[in-house]
Amino acid sequence: MRRCLPLLGLVYCLAVPLWAADQVVELSAQQQAALEIERYIVNQEAGALSTPLPARLVLNDRHQRALTLPISGTIEQIDSLPGAVVAVGARLGTYHSREALALQRDYLSALDRLERSEASRRRDEALHEGGVISSKRWQQTLAEWRQRDALVKELASQLAALGFSAEDLQRLQQTRALRDRLPLRAPLAGAVLERHIEPGDAFTAGEELFQLGDVDQLWLSILAPAATALAAQRGEPVYFGDVAIGLLLQVGAAVDPASQSVTLTCLYTHLTLPTKIV
């Protein structure tokens, strides 16, 4: 006989980036509206356990990300609204920053110094192989080139954190034209859950601009009586009525003293959310 865990209700919630595994908090009404999520009530099915179990759909904090920038600036344009599904690196909007302009200038200056150092490296390498200069002189030239090469890579990494793609960096090197308008890029593929800024808003370094989540990586958090949890086994299916919607991943180690319940964590495998594609 099939043993299943019937669910009384699915209440969607979302984890914020606490940077500790498996932490979740309730999904706000704004986030639910953005993803067009509804709430369902499931009646007890024949042959099921004597009491349906309440459950929440949750996003693990490892499957969501806040978009922040390490500099301050001003939002110019918004391209993606809450509910939009985007690819990693997709443009969510654009912004302007004097700090970004200064960083581009530093990058181009560092490239110029690296090019000069590269010419010196090639020259001294040939002279050293010909016995014209000492090993000490050659090592000094090589150390200087390595230092300047590392600086260029570090500045390129900082520009990437500001939204520069590899193509953007190549274009900057070729044209040497500073970009006044920069893209806000999605840090992961998923749905835009929240937008905290409007066009014209100023933002500071580290301020959350967007919140995104991978809605293909949802879990079920089920509150089960201690006796039910004791009988549950990892890997067994979880049912929504007669439909298998997940697999049991973990049985909580602690019993809640107030409700005498245990949290069961399940992988949700039956998700179909309405989405808007951009």
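As a starting point, this report considers the structure included with it.

Scoring rules and cut-offs
Residues numbered from 1 in each chain as written. Predicted model: local features only at pLDDT ≥ 70, side-chain atom pairs only at ≥ 80, totals over all residues. Heavy atoms only, no water. Pairing = 2+ DSSP bridges. Helix = DSSP H or I, 4+ residues; strand = E, 2+ residues; numbered from the N terminus. Expected span 1.5 Å × (residues − 1). Buried < 20%, exposed > 50% of the residue type's maximum accessible area, 1.4 Å probe, protein only. Contact = heavy atoms within 4.5 Å. Phe/Tyr/Trp six-rings, centres within 6.5 Å; stacked < 30°, edge-to-face > 60°. Lys NZ or Arg CZ within 6 Å of the ring centre and 35° of its normal. Patch = residues over 30% accessible without salt bridge, like charges linked within 9 Å, V, L, I, M, F, W, Y side chains within 5 Å. Areas by Shrake-Rupley, 256 points an atom, 1.4 Å probe, with all protein chains shown as cover. Salt bridge = Lys/Arg side-chain N within 4 Å of Asp/Glu carboxyl O. Polar contact = N/O pair within 3.5 Å; in protein donor to acceptor, adjacent residues only side chain to side chain. Axes fitted to C-alpha atoms, helices over the stretch in contact; angles between N-to-C directions. Parallel < 35°, antiparallel > 145°, perpendicular 65-115°, else oblique. Left-handed = near helix turned anticlockwise from the far one by under 90°. Nonpolar A, V, L, I, M, F, W, Y, C, P; charged D, E, K, R; others polar.

The next point concerns the sheet that holds strand β11 (residues 202-203). One open sheet holds the 4 strands; their spatial order is β9-β8-β6-β11, and the pairing between them is antiparallel. Bordering the open sheet on either side are β9 (182-185) and β11, each of which pairs with just one other strand. Sheet topology places strand β8 (residues 91-96) next to β9; 4 bridges connect them, and they run antiparallel. Within the sheet, the bridge partner assigned to R91 lies in β9 and is R185.

On to helix α2 (residues 98-129). The terminal C-alpha atoms of α2 lie 46 Å apart, and with 32 residues this matches the ideal 46 Å at 1.5 Å per residue to within 8%. At the C-terminal side of α2, G131 shows a positive phi close to 80°.

As a further point, take the environment of L103. Here L103 shows up in helix α2. Residue classification places L103 among the buried positions, given a relative accessible area of 11%. Sequence separation between L103 and L159 is 56 residues; the distance between their C-alpha atoms is 7.3 Å. The contacts of L103, once residues within four sequence positions are left out, are L155, Q158, L159 and L162.

Let us now look at the packing of aromatic side chains. Taken as a whole and assessed by the stated rule, the structure comprises 1 aromatic pair. Between Y95 and F203, the aromatic rings sit 5.7 Å apart at their centres with planes inclined by 70°, giving edge-to-face as the arrangement. Note that Y95 is positioned in strand β8 and F203 in strand β11, a separation of 108 residues in sequence. Judged by relative accessible area, which is 0%, Y95 ranks as buried. The lysine or arginine in question, R179, covers the ring of F164, its NZ or CZ lying 5.7 Å from the ring centre.

Nonpolar side chains collect at one region of the surface, where L247, L249 and L267 lie side by side and expose about 200 Å² of accessible area between them. One can find L247 in strand β15 (residues 243-251).

By the secondary structure assignment, S261 is in strand β16 (residues 261-268). Reaching out from S261, the side chain makes a polar contact with the side chain of S259 at a distance of 2.5 Å. Excluding anything up to four places from it in sequence, S261 contacts L223, A224, P225, A226, A254, V255 and D256.

Residue R176 is not a glycine yet carries a positive backbone phi of 55°. Along the polypeptide, R176 turns up in the loop between α4 (166-175) and β9. Its identity as a non-glycine residue notwithstanding, Q260 has a phi of 55°, on the positive side.

On to helix α3 (residues 135-161), then. Taking 1.5 Å of rise per residue, the 27 residues of α3 would be expected to cover 39 Å, and the 39 Å separating its terminal C-alpha atoms lies within 8% of that figure. Taken residue by residue, α3 has W138, T141, L142, D149, V152, L155, A156 and L159 as its buried positions. Of the surrounding elements, those touching the buried residues of α3 are α2 and α4. Just downstream of α3 lies G163, where phi reads positive at about 110°.

When two helices pack together, you describe them by how their axes are tilted relative to each other and by the distance separating the axes. At a minimum axis separation of 8 Å, α2 and α3 run at an interaxial angle of 155°. Of the possible angle classes, the one that applies to α2 and α3 is roughly antiparallel. The crossing of α2 and α3 is left-handed. For the contact of α2 with α3, the residue count by class is 13 nonpolar, 7 polar and 11 charged.

Tracing the sequence through the fold places H128 in helix α2. Separated by 10 residues in the primary sequence, H128 and W138 have C-alpha atoms spaced 6.4 Å apart. Discounting chain neighbours no more than four positions away, the residues touching H128 are I133, S134, S135 and W138.

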